[in-house]
Amino acid sequence: MPVDFTKPAHILAVHGVQTGTDDDIDSQQKIEKLTNNALARSHIERDFESIGFYYEDINDKAQKFYRLLARAITRGEPLVGAVLKQVIDLAGDVVTASANTSTAKKIRRKLAKKILESYDSGNKLIIVSHSLGTVYALDTICELINTDGLFNGDDRSSWPVQGLVTMGSPLGLDLEILGQVVFAKRSIAPIDAQYQVLPWHNFFNRLDPIVSGHVFGSPVEISGSRGPVERRYGTDTSQSQWLLHGHAVTSGKQWLLAHIAYWKNPRIGDRLVDMLWG
Amino acid sequence: MLQRYAFLAILIATTTGCIGHYRYESQGTVVTTQGQSTHALLYWYGDDGRLWYGKPYRQVDSGISMIVCGLPPKHYDGGGEDDPLVLRSRDGDQLIRRVTDDSELVPIAPPEPLAPGKNCGEVSLAGSGVPSKALEPGSKPAISVLCDNPSKPDRYPAAGIYRFESINRTKVKDNVPPGDICTATPL
């Protein structure tokens, strides 16, 4: 069903690296609050629905063997065991995504299904993604662009995703660890449109180590609003009917606290309102 | 669950820094396409202080937001290091004004259709377009709006140059949003 722009908008939140299970994740509530606060700040009322996409349980299932192994080798040492469990949980998520394992493919299929649920009900959708979730969001959108019957030229009602917001994205990292390329450069799928463009707003904090790749949190070099993601994807997006905007933001936080502060940034909430109803 | 919190507590304890966080604001009035004057607020954030290992650090948001009572927010975004903050065009926008060297607005006839993402206005100080880092407390910015959109008659602000009051800088904890735009005293 083509997008009916008079229907309430959908905002799909895609979380990043997590510990715990799907039930522990509150990205949907965070994005709903951010959007509602922005609407209230401008004293406007609009109908929308925030939706969460969760994949931590899929990751956990894939990591089950390593968890059991960790438990076995740390038996009798609960503290070491707990730390190792967290490390496996966090690092496992990153390896799954960067190595494009079958688990990563399963996550993208599930995300595509979630996106198409909104499309099939005719609701306009934008995706707000954080951290590792930005990798899944970008890859899945590119797969949908390459799917027959979707993103038909300038007919915007055939676009299941109307915009992408990424926060604290590792997509700009160009790292090689132990011979493994981490977050290899993605191929941006071109949209066969003449006038319409897919907006991609990328928010980053210079002190966010997931953005910079600097373990101790030293600031990443930027030029105005152009950070690592814009340097890496600026040309490709402009040649593919995507419109990538970089946004350096601040939060007064450093290191990993800078990485989780995006969810509460009112200016990002204002941007969502502008993207949907401006 | 306790283990998760302990893990997070260790992370937080190791990331305590001494950066001051500030909200910048400037108030003004803009005119809607229906000709109604309405109070507007430009705001953005910045960090100023030292990193956890002592190195001086200063960074402001690369763009600024404008909120207006009863209407969706607008944004003036930065480009390269010294590029001025720009209001980006949307689908269907057309350029209807240009700014002369004397900071006067003159009509463009016929209007020029713009592709999305082009320059529909900018933020200036003393007539020159500036990036966000040039917007210091005490300075008085102006914003220009150079486009309209025939398919969106409620697009705002109307084309024009709008001068704002002196920029205030307030130290804030976290990204505390500005106060209520609708109850603020119009200038």
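Cut-offs used in this document
- Residues numbered from 1 in each chain as written.
- Chains lettered and ligands numbered in written order.
- Predicted model: local features only at pLDDT ≥ 70, side-chain atom pairs only at ≥ 80, totals over all residues.
- Helix = DSSP H or I, 4+ residues; strand = E, 2+ residues; numbered from the N terminus.
- Rg over C-alpha atoms; globule rule 2.2 N^0.38 Å.
- Buried ≥ 20, exposed ≤ 12 C-beta atoms within 10 Å, placed from the backbone.
- Contact = placed C-beta atoms within 7 Å.
- Pairing = 2+ DSSP bridges.
- Core = buried A, V, L, I, M, F, W, Y, C linked by C-beta atoms within 7 Å.
- Axes fitted to C-alpha atoms, helices over the stretch in contact; angles between N-to-C directions.
- Parallel < 35°, antiparallel > 145°, perpendicular 65-115°, else oblique.
- Left-handed = near helix turned anticlockwise from the far one by under 90°.
- Nonpolar A, V, L, I, M, F, W, Y, C, P; charged D, E, K, R; others polar.
- pLDDT = per-residue confidence, 0-100.

(A) Quick look at the overall build of chain A. Regarding its fold elements, chain A presents ten helices and eight strands. In terms of overall dimensions, chain A is globule-like: its C-alpha atoms have a radius of gyration of 19 Å, near the 19 Å expected for 278 residues. In terms of overall dimensions, chain A has a C-alpha envelope of 60 × 40 × 35 Å along the principal axes. By residue count, 53% of the 278 residues in chain A fall in the buried class. A sequence separation of at least 24 residues applies to 75% of the contacts in chain A between residues at least 6 apart.

(B) Structural context of the sheet that holds strand E7 (residues 94-99) of chain B. Residues and elements named next belong to chain B. Spatially, the three strands line up as an open sheet ordered E8-E7-E12, and their pairing is antiparallel. With one partner strand each, in any of the chains shown, strand E8 (105-113) and strand E12 (147-148) form the two edges of the open sheet. Judged from the two bridges that link them, E7 and E12 form a sheet pairing that is antiparallel. Looking at E12, one finds that Gln 94 is bridged to Asp 148.

(C) Representation of unusual backbone geometry. With an omega dihedral of -5°, the bond running from B:Ala109 to B:Pro110 counts as a cis peptide bond. Counting through the fold element by element, B:Pro110 comes out in strand E8. Here the amide bond leading from B:Tyr156 into B:Pro157 is cis, since omega sits at -15°, within 30 degrees of zero. Position of B:Pro157 among the secondary structure elements: in the loop between E12 and strand E13 (160-163). The backbone of A:Phe151 sits at a positive phi, close to 50°, despite the residue not being glycine. Its place among the elements puts A:Phe151 in the loop between helix H6 (132-145) and strand E4 (163-167).

(D) Summary view of the nonpolar core. Residues and elements named next belong to chain A. Judged by nonpolar contacts, the single largest core of 75 residues is most densely connected at Ile 11, Leu 12, Ile 127 and Leu 272. Per-element accounting of this core gives the leading share, eight residues, to H6. Look past the residues within four positions of Ile 11 in its chain and what remains in contact with it is Ile 31, Thr 35, Phe 48, Ser 50, Ile 51, Ile 126, Val 128 and Leu 272.

(E) Looking closely at the packing of helix H5 (residues 102-120) of chain A against H6(A). Residues and elements named next belong to chain A. For the pair H5 and H6, interaxial distance at closest approach is 9 Å and the crossing angle is 65°. Taken as axis vectors, H5 and H6 run roughly perpendicular relative to one another. Here H5 runs over H6; the crossing is right-handed. Between H5 and H6, the residues in contact are Ile 107, Arg 108, Leu 111, Ala 112 and Ile 115 and Tyr 136, Asp 139, Thr 140, Glu 143 and Leu 144, respectively. Residues of the contact of H5 with H6, tallied by class, amount to six nonpolar, one polar and three charged.

(F) Looking closely at the sheet that holds strand E2 (residues 48-53) of chain A. Residue and element names in this part refer to chain A. Read across the sheet, six strands follow the order E2-E1-E3-E4-E7-E8 without closing on themselves; strand pairing throughout is parallel. With one partner strand each, in any of the chains shown, E2 and strand E8 (242-248) form the two edges of the open sheet. Looking at each pair of strands side by side, their axes are set apart by 15° on average, direction ignored. Judged from the seven bridges that link them, strand E7 (residues 198-204) and E8 form a sheet pairing that is parallel. Pairing of Phe 204 across the sheet is with Ala 248, part of E8. Sheet strands touched by helix H8 (residues 228-238): E7 and E8. Its angle to E8, the strand with the most contacts, is close to 160°.

(G) Highlighting the confidence of the model for chain B. With 89% of its residues at a pLDDT of 70 or more, chain B shows a mean pLDDT of 90. Both scores are available for the predicted complex, with the pTM at 0.90 and the ipTM at 0.89.

(H) Structural context of the pairing of strand E5 (residues 71-76) of chain B. Residue and element names in this part refer to chain B. The element E5 is largely enclosed, with a buried count of five among its six residues. Pairing of strand E4 (residues 64-68) with E5, which is carried by four bridges, proceeds in the antiparallel orientation. In the sheet register, Met 66 faces E5, and the bridge partner there is Lys 74. Counting the residues in the hairpin turn of E4 and E5 gives two residues, including Gly 70, whose phi is positive at 85°.

(I) Structural view of the environment of A:Arg232. Residues and elements named next belong to chain A. In this fold, Arg 232 is placed in helix H8. The exposure class of Arg 232 is partly exposed, given the 17 C-beta atoms found within 10 Å. For the pair formed by Arg 232 and Gly 168, sequence separation is 64 residues and the distance between their alpha carbons is 15 Å. When neighbours within four sequence positions are excluded, Arg 232 is seen to be in contact with Gly 172 and Lys 185.

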